[in-house]
Amino acid sequence: MKRCIALLLAALICLSGCGKQKNPEPKGKSYFTYFDTVSYVFSYAGDSDKAFDANCAAASETLGRYHRLFDIYHEYADMNNLCTLNRLAGESVPLEDELLAFLQEAKDMYTLTNGQMNVMLGSVLRLWHEAREAASADPAAAYVPSDEQLREAARHTGIDLLEIDPEAGTARIRDPEAAIDVGAFGKGYAVERAAEALRARGADGYVLNIGGNIRAIGTRPDGSGWSTGIRDPLEPEGAFALHICIADVACVSSGVYERYFTAAGTRYHHIIDPDSLYPADCYASITVLAGDSGLADALSTALFCMDYEESSALVASLEGVEACWIFPDGSVRSSPGFAALIEEANEP
Ligand code: AMP
Ligand code: MG
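So, how was this worked out
- Residues numbered from 1 in each chain as written.
- Chains lettered and ligands numbered in written order.
- Predicted model: local features only at pLDDT ≥ 70, side-chain atom pairs only at ≥ 80, totals over all residues.
- Heavy atoms only, no water.
- Pairing = 2+ DSSP bridges.
- Helix = DSSP H or I, 4+ residues; strand = E, 2+ residues; numbered from the N terminus.
- Axes fitted to C-alpha atoms, helices over the stretch in contact; angles between N-to-C directions.
- Contact = heavy atoms within 4.5 Å.
- Donors = N, O, S within 2.8 Å, 3.2 Å for Na, K, Ca; no water.
- Buried < 20%, exposed > 50% of the residue type's maximum accessible area, 1.4 Å probe, protein only.
- Salt bridge = Lys/Arg side-chain N within 4 Å of Asp/Glu carboxyl O.
- Near = heavy atom within 4 Å.
- Polar contact = N/O pair within 3.5 Å; in protein donor to acceptor, adjacent residues only side chain to side chain.
- Areas by Shrake-Rupley, 256 points an atom, 1.4 Å probe, with all protein chains shown as cover.
- Nonpolar A, V, L, I, M, F, W, Y, C, P; charged D, E, K, R; others polar.
- Core = buried A, V, L, I, M, F, W, Y, C linked by side-chain atoms within 4.5 Å.
- Parallel < 35°, antiparallel > 145°, perpendicular 65-115°, else oblique.
- Left-handed = near helix turned anticlockwise from the far one by under 90°.

A.B. asks: Just checking my understanding: could you explain the sheet that holds strand β5 (residues 170-173) for this structure?
C.D. replies: Hydrogen bonds along the backbone pair up the strands of a sheet, which may run parallel or antiparallel. An order of β3-β5-β4 is seen for the three strands of this open sheet, with the pairing classed as antiparallel. Either end of the sheet is taken by a strand with one partner, and the two such strands are β3 (92-94) and β4 (162-165). Within the sheet, the average angular offset between the axes of one strand and its neighbour, ignoring direction, is 25 degrees. In terms of strand pairing, β4 meets β5 through four bridges, oriented antiparallel. Across the sheet, the residue bridging to L162 is I173, located in β5. Across the face of the sheet, helix α4 (residues 97-112) comes into contact with β4 and β5 while running at roughly 135 degrees to β4.

A.B. asks: Please clarify how the coordination of the magnesium ion (ligand 2) should be interpreted in this entry.
C.D. replies: Each donor-metal-donor angle would ideally measure 109.5 degrees in four-coordinate tetrahedral geometry, or 90 or 180 degrees in six-coordinate octahedral geometry. In the first shell of the magnesium ion (ligand 2), the protein supplies A184 (O), D297 (O), D297 (OD) and T301 (OG1), at 2.1 to 2.5 Å from the metal. If you list the donors of the magnesium ion (ligand 2) from N- to C-terminus, the spacing comes out as A-x112-D-x3-T. Separated by four residues within a single helix, D297 and T301 lie in helix α8 (residues 293-304), roughly one turn from each other. Assigned by exposure class, D297 and T301 land together as buried.

A.B. asks: Where do I start with the pattern of salt bridges in this structure?
C.D. replies: Scanning all chains against the criterion turns up 13 salt bridges. Note that R87 and E75 form a salt bridge whose closest N and O atoms lie 2.5 Å from each other. Of this pair, R87 sits in helix α3 (residues 82-87) while E75 sits in the loop between α2 (49-70) and α3, placing them twelve residues apart in sequence. Its relative accessible area of 33% is what places E75 among the partly exposed residues. Within this structure, R65, E96 and E98 form a network of salt bridges that share partners.

A.B. asks: Please explain the site of ligand 1 as it appears in this structure.
C.D. replies: Taken together, 17 residues form the shell around ligand 1, and within it S254, R259, H270, I272 and T301 come nearest. Between ligand 1 and T301, the relevant distance is 2.7 Å, taken from an oxygen atom to a side-chain nitrogen or oxygen of the residue. Bound to the protein, ligand 1 loses 95% of the 500 Å² it would expose on its own. Looking at the shell around ligand 1 residue by residue, the classes come out as eight nonpolar, six polar and three charged.

A.B. asks: What should I look at first to understand the nonpolar core in this one?
C.D. replies: Counting residues in hydrophobic clusters, the biggest one holds 74 residues, and the most contacted among them are F70, L85, L103, I180, L208 and L303. Apart from residues lying up to four places away in sequence, L85 is in contact with V93, L95, L103, L162, A171, R172 and I173.

A.B. asks: What is the right way to read the packing of α2 against α4 from this model?
C.D. replies: Each pair of packed helices can be summarised by the angle the axes make with each other and by the distance between the axes. The interhelical angle for the contact between α2 and α4, taken along N-to-C directions, is 70 degrees, at an axis separation of 11 Å. Judged by the angle between their axes, α2 and α4 are roughly perpendicular. In this structure, the crossing between α2 and α4 has a hand that is right-handed. On the side of α2, the interface is formed by R65, Y66, L69 and F70, while α4 contributes E98, L99 and F102. Of the residues in the contact of α2 with α4, the class split is five nonpolar, no polar and two charged.

Right, dumping it as structure tokens:
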């Protein structure tokens, strides 16, 4: 409980207001149950405890449902989920409408990102996941998947291996060696559905923070936004690299500081370039702002796998999307709309 309150306070401090006017005291709730991370719901709207609790229940129910639908490690008695779809690869599997809609959007994101965010990369990601687990169990036994293993796995990663039949209400992974992994897109998509659930209840002036995947709903009552810190990818436990002021937008980062392991003195992080099949090495982190948290999540991973020219051109081509690239040497580049939101270091 103490840890819970400390985390809540830390998260609240990271989300202080950008404006100077007096706003009602924020309310916050945290959860440890979804997407293997800490989730927070904050209200700055001055709503009653009862209204806040009911809104939290709606957000948490949505997150819980998508957590179970997207789980690739466990199945649940009351639904076919992505774990079922992987296990039954080769067969048509009846799926919930929400899951079918999600899979279609995942395919659309593949197209939008020129294949750099590919949810059918599962066979390759599994090799990296196993290597990470082995290193975590025994650092001395750390290894890197071989070129041969990676190339063989990559033969089973075509996006067309995922077939969706909306009429029949089924999906099928055509190749039994292929697998789906929605780690790059699922959390952001679920956060957007939770934001939708809140908006449908009339909630405004709310912030969801699901493992650093931030969704601001509306503004604070005085019309100002929230100051949020972007982690320094080279020193993730240290001071923030920069602060930006956000309102009514999703803010998602991908970085080398998450889920990595070390083998023979080299660090291997979790964002895999679909072309090289190895961790993408152009950036230390990328942060994306977009009006849809699913889009921001898909892009944060995809942009990471493109050189800067392609990455920045894709951002420039998308209405309402902004990004910030932090390079391995610590240098920072931002799209114009992102740069406009950066707060001066000496502002409160
Ligand atoms: P994120 O933190 O949003 O960048 O997502 C990273 C996670 O997405 C990894 O842990 C993998 O599960 C998965 N992933 C890594 N690289 C890719 C990629 N190029 N396309 C799709 N999923 C990926
Ligand atoms: Mg992502």
